[in-house]
Amino acid sequence: MTSPAATGDFRSASKAEAAFADERSAVIDLGAIRHNVRSIAAVASPAQVMAVVKADAYGHGAVPVARAALSAGASWLGVAHISEALALRAAGIEAPLLAWLHTSDSNFAAAVAAGIDIGCSGWELQRIVAAAREQERPARVHLKVDTGLGRNGATLDTWDSLVGEAMEYQDQGLLRVVGIFSHLAVADEPERPETDDQLAAFRVALAIAQDAGVDPEVRHLANTPATLSRPDTHFDLVRVGLGVYGLSPFEGQSSGELGLRPAMTVRTVVSQCKDVPAGQGVSYGLNYRTPGTSTLGLIPLGYADGVPRIATGGPVRVEGVNYPVVGRIAMDQMVIDLGPLNVSAGGRSVLGSEAVLFGNGADGGPTAEDWARAAGTNNYEIVTRISPRVPRRYINEVPGMGEPGTEEPRRGGEPAR
Ligand SMILES: *Cc1c(COP(=O)(O)O)cnc(C)c1O
């Protein structure tokens, strides 16, 4: 792959930084983010799109991703915590923004002051109203009903009274019920029946709210898998996280098959390449020994960078070949067995060659799904856990030529890809 350094695409890195920062990076393709949002918006239409940018946009960087998503047609942003929402507001992002996971220590007053929409499952209502009084500004509230996931959201038993109470406060001018929402449990397994049950329960909850006089701007239920597989769950707004990042929520269906482009590439360079004899033990525990004379490549990424320690066998692509990691993954590094390159006898060393853990999967390159398989987890976790020690580098920040949203051909810009 072309190194981002070669295309001069670095964002906010000084020249001195840029010369060195490329040794390890998570390269985030904002053109891919925009493409994914546009294709999701087309599927969701006429429903609007909320780009879910919690957890630092699943590790991709909340602020740049939020901006890219908004520019490509998302009209809402979603996060878990009020603190995450406040960080977006502090960066100057003014789009409608919902936060849905709170504790008694959450800063509801700051949320009201910043015009952040607040998800409410029950107990939060008193806090929200107190914050509205304090700020002398009505809170914007989305009432959440638990239709079967068993996490937050009011149970159907308490829904009636929550809605009633909220409407009393709305009548007093202390809040506005902007939305009604719920979250699905098994939409990534489209053959399972529970999504139908949740949808039916959501309709019951909507009817109860309507009877109580609620007239929400947005009713929302769908996550990425439901957006892609269940148009009957779209309502007024879909909350899409994984798909924005170009990843597939479905086992056995790739990003490409869904028309999505993975936006994150985690890459580094081989930091040592050396010949070893047969039987050479590798990494703590010596759980791997070279079957014959061989050459080992050292990859300077480890579990402190978010590579799961359990994921021995995960692929690293060097010079067009995917090599499985051998031996234990350590805090800072891991090893691939390149086979006998005979570097000492004049064979070609891969010292300094680019090493890709995962990317967009083009040309048989490794993917986040490959690492998910190796770690016994899902692609959500693989991208989200890439740690802050790995610098994020942004490419294609400005729409390329031919991309919708481009006003006129730019001169001296990067070529369209
Ligand atoms: C994380 C989250 C989403 C996004 O889910 P994806 O499967 O990534 O699209 C939507 N809604 C809620 C409430 C969430 O917590």
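Going by the structure above, here's the rest.
What this report covers is the structure whose coordinates are included nearby. (Residues numbered from 1 in each chain as written. Predicted model: local features only at pLDDT ≥ 70, side-chain atom pairs only at ≥ 80, totals over all residues. Heavy atoms only, no water.)

Scanning the chain from N- to C-terminus turns up 13 helices and 19 strands. Computed over its C-alpha atoms, the radius of gyration of the chain comes to 24 Å, within 12% of the 22 Å expected for a compact globule of 417 residues. On the principal axes, the C-alpha backbone points of the chain span a range of 85 × 50 × 40 Å. Partitioning the intrachain contacts of the chain with sequence separation of at least 6 by distance along the chain shows that 65% fall at a separation of at least 24. Accessible area for the chain stands at about 18,000 Å²; split by element, carbon and sulfur atoms hold 50% of it. Each charge class in the chain was averaged separately, 36 positive and 47 negative side chains, and the resulting centres sit 6 Å apart. (Helix = DSSP H or I, 4+ residues; strand = E, 2+ residues; numbered from the N terminus. Rg over C-alpha atoms; globule rule 2.2 N^0.38 Å. Contact = heavy atoms within 4.5 Å. Areas by Shrake-Rupley, 256 points an atom, 1.4 Å probe, with all protein chains shown as cover. Lys, Arg positive; Asp, Glu negative; His and termini not counted. Charge placed at Lys NZ, Arg CZ, Asp CG, Glu CD.)

Relative to the helices and strands, Thr 265 is located in strand 10 (residues 264-269). Of the residues examined, Thr 265 reaches a relative accessible area of 12% and is grouped as buried. Thr 265 sits 205 residues away from His 60 along the chain, and the two C-alpha atoms are 10.0 Å apart. (Buried < 20%, exposed > 50% of the residue type's maximum accessible area, 1.4 Å probe, protein only.)

Further remarks concern the nonpolar core. Ranked by internal contacts, the top residues of the largest apolar core, which has 119 residues, are Trp 159, Val 316, Leu 357, Phe 358 and Trp 371. Of the domains in this structure, domain 1 (30-245) and domain 2 (264-386) are the two that each give at least three residues to this core. Setting aside residues up to four positions removed in sequence, Val 316 forms contacts with Ile 299, Val 321, Asn 322, Tyr 323, Val 325, Met 334, Ile 336, Ala 355, Val 356, Leu 357 and Trp 371. Ranked by size, the runner-up nonpolar core spans six residues in total, among them Val 282, Leu 296, Val 326 and Val 335. (Core = buried A, V, L, I, M, F, W, Y, C linked by side-chain atoms within 4.5 Å. Domains from an automatic or database assignment.)

Below, the discussion takes up the packing of helix 9 (residues 156-171) against helix 10 (residues 194-211). For the pair helix 9 and helix 10, interaxial distance at closest approach is 10 Å and the crossing angle is 25 degrees. One way to sum up the angle between helix 9 and helix 10 is to call them roughly parallel. In this structure, the crossing between helix 9 and helix 10 has a hand that is right-handed. When helix 9 is examined against helix 10, the residues Leu 156, Trp 159, Asp 160 and Val 163 are found in contact with a partner set consisting of Ala 201, Ala 205, Ile 208 and Ala 209. Tallied by class, the residues present in the contact of helix 9 with helix 10 amount to seven nonpolar, no polar and one charged. (Axes fitted to C-alpha atoms, helices over the stretch in contact; angles between N-to-C directions. Parallel < 35°, antiparallel > 145°, perpendicular 65-115°, else oblique. Left-handed = near helix turned anticlockwise from the far one by under 90°. Nonpolar A, V, L, I, M, F, W, Y, C, P; charged D, E, K, R; others polar.)

These figures come from the coordinates and say nothing about function on their own.
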